[in-house]
Amino acid sequence: MSTVVRRPVAFVAAIVLFVEAVGIVFINAVLATVVKNQDMSLAGLDPAAISHGTWAMGGVFGLYLLLCGLVLLLTGIRDRAPGRIGRIALIACAVVHGVLGALTVGLVGWAAFGSMMVVLGLIVLTLVAYGPGPEAGPGADRPAGDAEPSAPAPI
């Protein structure tokens, strides 16, 4: 994939993840506030514990999405593949979007599924676009039929 395409895809994916991070934190803030104000309990759990857990989950997931967005933004700026940790974070983010997309079909609807698949597609397209290229080692410029002579085995 050419540089003309892969840099804008990385930038768009980063912007989408930044917006999604804000949305996740906002949704969890609303849920935590509703649980706290309604004094809801789940199987005898303290409502304050549920509210604090929802805030923590929203914050951690929002920070994770911001981290993935930052990796994508730096990938687009540098026009280089992300490092090992960055690739692992992006792959995990893609897997989470795939699983959540599958769950949203039944719970929310096809529009939510479509939006999750668009984000998944942007992340995967960026990973593939910045994936490993052809190996540049000794003999990379030779045709495939010309094998390098092997050295004799040591005795």
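Scroll up to find the structure.
Residues numbered from 1 in each chain as written. Predicted model: local features only at pLDDT ≥ 70, side-chain atom pairs only at ≥ 80, totals over all residues. Heavy atoms only, no water.

1. A few points about the packing of helix α3 (residues 84–107) against helix α4 (residues 110–129)
Part 1 of the argument: It is the contact of α3 with α4, at a shortest axis distance of 8 Å, that shows an interaxial angle of 160°. Classified by the interaxial angle, the pair formed by α3 and α4 is roughly antiparallel. Considering the relative orientation of α3 and α4, their crossing is left-handed. Here α3 contributes Arg 87, Leu 90, Ile 91, Cys 93, Ala 94, His 97, Gly 98, Leu 100, Gly 101, Ala 102, Thr 104 and Val 105 to the contact with α4, which in turn contributes Trp 110, Ala 112, Phe 113, Met 116, Met 117, Val 119, Leu 120, Ile 123, Val 124 and Leu 127. (Axes fitted to C-alpha atoms, helices over the stretch in contact; angles between N-to-C directions. Helix = DSSP H or I, 4+ residues; strand = E, 2+ residues; numbered from the N terminus. Parallel < 35°, antiparallel > 145°, perpendicular 65-115°, else oblique. Left-handed = near helix turned anticlockwise from the far one by under 90°. Contact = heavy atoms within 4.5 Å.)

2. Looking at the packing of aromatic side chains
Any pair of aromatic rings gets described here by the distance separating the centres and the angle formed by the planes.
Part 1 of the argument: With the rule as written, the count across this model stands at 1 aromatic pair.
Part 2 of the argument: On the basis of an interplanar angle of 85° and a centroid distance of 5.4 Å, the ring pair of Trp 110 and Phe 113 is categorised as edge-to-face. With Trp 110 and Phe 113 both in helix α4, this residue pair falls 3 residues apart, about one helical turn.
Part 3 of the argument: For Trp 110, a relative accessible area of 62% puts it in the exposed group.
Part 4 of the argument: With a relative accessible area of 24%, Phe 113 lands in the partly exposed category. (Phe/Tyr/Trp six-rings, centres within 6.5 Å; stacked < 30°, edge-to-face > 60°. Buried < 20%, exposed > 50% of the residue type's maximum accessible area, 1.4 Å probe, protein only.)

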